[in-house]
Amino acid sequence: MKVTFPHMGNIHIAAKIFLDDLGVDYVVPPISNNKALEVGTMYSPEEMCLPFKIMIGNYIQAIEQGADTVIIVGSCGPCRFGEYCELQMNLLKKLGHEITFIVLDSPRDVGKKELLERAGLLVKESGKNNYSGILAMLKGVKAIELMDEIEKEAYWLAGYEINKGECKKLLHDCRQKVVSTKDSDQALKILKEYKKKINRVKMDSTKQPLKVSIIGEIYTVIEPFSNQYIQERLMDYGVSSNRMLTPSWWLKDLLGKVVKMNSISLRRASQEYLPLGIGGHARECIGEAVLAAKEGQDGAIQLFPVGCMPEIVSKSILPTISKDKDFPIMTLVLDEMTGQSGYITRIEAFLDLLERRRETSHVLFGN
Ligand code: SF4
């Protein structure tokens, strides 16, 4: 068995630590890139959403390096994601690749026993016992929590840093260093070191950077290649950005769902505008927009792939929130045809608008 998995932000760091610790053979696909998108687009049905296409590209690039088993997480409600695994399996089969899929579905959907059995396949392959499997998993979870915290700090502190580019450089160095080791304890040590380093970055607390929330469909929010590295661009502009959706948030939300205690603040915040889950993370997107306005962010950017059904619904609700809360929200819809220059122009125009609103409110209120 040679395992692979699709990219989604930093998830490969946790997966690598987990698999290294278990001693299972694996291939990390090349970081999502134009080639993966090109290959994925060529073989996927045209109407499929962008995450599907990039994932197919990831699989094919990993299969070229010998991967024969894909680990993928399961459904997030009534949208195409629930069909991804079946469709991807069939598509790869048609292309002549007999690939095994291990689908880690929510325990609410498949039951705890079935989920443990599926996860147990990897432990069995490693020849280790369940205890070692649990330890390896806990290390992977710890790693993704640390990586998410480092990223969150870096994206936010970039607006306050004295030495321009320091947060971005630390983030890049951290990602590079942590994947260069095959020792899971060493990897965790590196992450802890970088967490300290990022908190020691010299700040100018008198700065008042623009503050922008990134909301929308989970894959395009988390996977930087799919959103053309939007948060890194915002770092370059000296803007502080944040997002609630991260792999560790997703994990906590998944576990919380078992006892209906997941993302309570988001669900409460969305209650007035979208009280029901309609698939994907539409409800979370609405909740995040409401919270971002309440927390005093300057604006929010909604991201989603062309044809994403749940986010089309949230897009239709966001103008009402924007009007009710006097809070600017811009939507960017992404697909394989999204050109870089038009995309950048829209982001810059939105930031200009936020700046002008700030200036106007200073003139109006004299502060
Ligand atoms: S949430 Fe949207 S983009 Fe993601 S799988 Fe569902 S339809 Fe596709």
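Rules of the game
Residues numbered from 1 in each chain as written. Predicted model: local features only at pLDDT ≥ 70, side-chain atom pairs only at ≥ 80, totals over all residues. Heavy atoms only, no water. Helix = DSSP H or I, 4+ residues; strand = E, 2+ residues; numbered from the N terminus. Rg over C-alpha atoms; globule rule 2.2 N^0.38 Å. Buried < 20%, exposed > 50% of the residue type's maximum accessible area, 1.4 Å probe, protein only. Contact = heavy atoms within 4.5 Å. Lys, Arg positive; Asp, Glu negative; His and termini not counted. Charge placed at Lys NZ, Arg CZ, Asp CG, Glu CD. Disulfide = S-S within 2.5 Å. Near = heavy atom within 4 Å. Domains from an automatic or database assignment. Salt bridge = Lys/Arg side-chain N within 4 Å of Asp/Glu carboxyl O. Axes fitted to C-alpha atoms, helices over the stretch in contact; angles between N-to-C directions. Parallel < 35°, antiparallel > 145°, perpendicular 65-115°, else oblique. Nonpolar A, V, L, I, M, F, W, Y, C, P; charged D, E, K, R; others polar. Buried area = accessible area lost by both parts, 1.4 Å probe. Pairing = 2+ DSSP bridges. Patch = residues over 30% accessible without salt bridge, like charges linked within 9 Å, V, L, I, M, F, W, Y side chains within 5 Å. Areas by Shrake-Rupley, 256 points an atom, 1.4 Å probe, with all protein chains shown as cover. Expected span 1.5 Å × (residues − 1). Core = buried A, V, L, I, M, F, W, Y, C linked by side-chain atoms within 4.5 Å.

Which parts of the structure should I look at to understand the overall build of the protein chain?
Scanning the protein chain from terminus to terminus reveals 16 helices and seven strands. A compact globule built from 367 residues should have a C-alpha radius of gyration of about 21 Å, and the protein chain, at 21 Å, falls within 12% of that. Once the C-alpha set of the protein chain is aligned to its principal axes, its extents read approximately 70 × 45 × 40 Å. Buried residues in the protein chain amount to 53% of all 367 residues. Within the protein chain, contacts between residues at least 6 apart in sequence are counted, and of these 75% link residues at least 24 apart. For the protein chain, the separation between the mean place of its 47 positive charges and that of its 47 negative charges on side chains is 4 Å.

Can you walk me through the state of the cysteines in this structure?
In a disulfide, the sulfur atoms of two cysteines are held together by a covalent bond. In this structure the tally under the stated criterion is zero disulfides. With no disulfide of its own, Cys 167 lies closest to Cys 174 among cysteine sulfurs, the gap being 12 Å. Take Cys 167: its relative accessible area is 0%, and that puts it in the buried class. Cys 285 carries a free sulfur, and the closest cysteine sulfur to it, the one in Cys 308, is 9.4 Å from it.

Would you take a moment to explain the site of the ligand for this structure?
What surrounds the ligand is the set Cys 49, Pro 51, Cys 79, Arg 80, Phe 81, Tyr 84, Glu 217, Gly 280, Pro 305, Cys 308, Met 309 and Pro 310. Every element with two or more residues in the shell around the ligand is listed here: α4 (81-94) and α15 (309-325). Domain assignment of the residues forming the shell around the ligand places at least three in each of domain 1 (3-138) and domain 2 (209-367).

Explain the pattern of salt bridges to me, please; I cannot follow it from the model alone.
Side chains bearing opposite charge may pair, as long as their charged atoms lie close to each other. Under the definition given, this model contains 16 salt bridges. Two residues, Lys 139 and Asp 185, come together in a salt bridge whose shortest N-O distance is 3.0 Å. Placement of the pair is Lys 139 in helix α7 (residues 130-157) and Asp 185 in helix α9 (residues 184-199), with a sequence separation of 46 residues. Its relative accessible area of 47% is what places Asp 185 among the partly exposed residues. In this structure, a network of salt bridges that share partners links the residues Glu 151, Arg 175, Glu 232 and Arg 243.

Could you clarify how one ought to interpret the packing of helix α2 (residues 34-43) against helix α3 (residues 50-63) in this entry?
Between two packed helices, the angle of one axis relative to the other and the distance separating the axes together describe the packing. Viewed as axis vectors pointing N to C, α2 and α3 meet at an angle of 110 degrees, and their least axial separation amounts to 7 Å. Judged by the angle between their axes, α2 and α3 are roughly perpendicular. Contact residues: α2 offers Lys 35, Ala 36, Leu 37, Val 39, Gly 40, Thr 41 and Tyr 43, while α3 offers Leu 50, Lys 53, Ile 54, Ile 56, Gly 57, Asn 58, Ile 60 and Gln 61. Of the residues that constitute the contact of α2 with α3, the class distribution is eight nonpolar, five polar and two charged.

I would appreciate a short explanation of the domain arrangement of the protein chain in the present structure.
In many analyses, interface size is given as the accessible surface area lost on bringing the parts together. Parsing the protein chain into structural domains produces domain 1 (3-138) and domain 2 (209-367). Measuring from the centre of the C-alpha atoms in domain 1 to the corresponding centre in domain 2 gives 27 Å. Domain 1 puts 25 residues into the contact, and the matching count from domain 2 is 27 residues. For the domain 1 and domain 2 pair, buried surface summed over both sides reaches about 2,100 Å², with 73% attributable to carbon and sulfur atoms. Here domain 1 and domain 2 share one salt bridge between them. Here Lys 53 ties to Glu 336 by a salt bridge, and the two come within 3.0 Å at their closest N and O atoms.

I keep staring at the sheet that holds strand β3 (residues 100-104) and nothing clicks. Help me out?
Overall, parallel pairing links the three strands, which are arranged β1-β2-β3 in an open sheet. Only two strands of the sheet have a single neighbouring strand rather than two, namely β1 (3-4) and β3. Bridge count between β1 and strand β2 (residues 69-73): two bridges; the pairing is parallel. Across the sheet, Thr 4 pairs through a bridge with Val 70, a residue of β2.

I'm lost on a negative patch on the surface in this one. Help?
Taken together, Glu 348, Asp 352, Glu 355 and Glu 359 make up a surface patch of like negative charges. Locating Glu 359 in the fold gives a position in helix α16 (residues 340-365).

Quick question: what am I supposed to make of α3 here?
Relative to the 20 Å expected for 14 residues at 1.5 Å per residue, α3 spans 20 Å between its end C-alpha atoms, a close match to the ideal helical length. Counting buried residues along α3, 14 of its 14 residues qualify, which places the element largely inside the surrounding structure.

What exactly am I supposed to notice about the sheet that holds strand β4 (residues 211-216) here?
Pairing within the open sheet is parallel, and its four strands lie in the order β5-β4-β6-β7. On the outer flanks of this sheet lie β5 (240-242) and β7 (329-334), each paired with one strand and no other. Neighbouring strand axes in the sheet, compared pairwise and without regard to direction, differ in orientation by 25 degrees on average. With six bridges joining them, strand β6 (residues 299-305) and β7 adopt parallel strand pairing. Residue pairing across strands places Phe 304 opposite Val 333, the latter belonging to β7.

Can you walk me through the nonpolar core in this structure?
The nonpolar side chains of a soluble globular protein tend to be buried, and buried together. Membership of the largest hydrophobic core comes to 68 residues, with the highest contact counts inside it found for Tyr 59, Phe 101, Ile 301 and Leu 303. Summarising the domain contributions, this core has at least three residues from each of domain 1 (3-138) and domain 2 (209-367).

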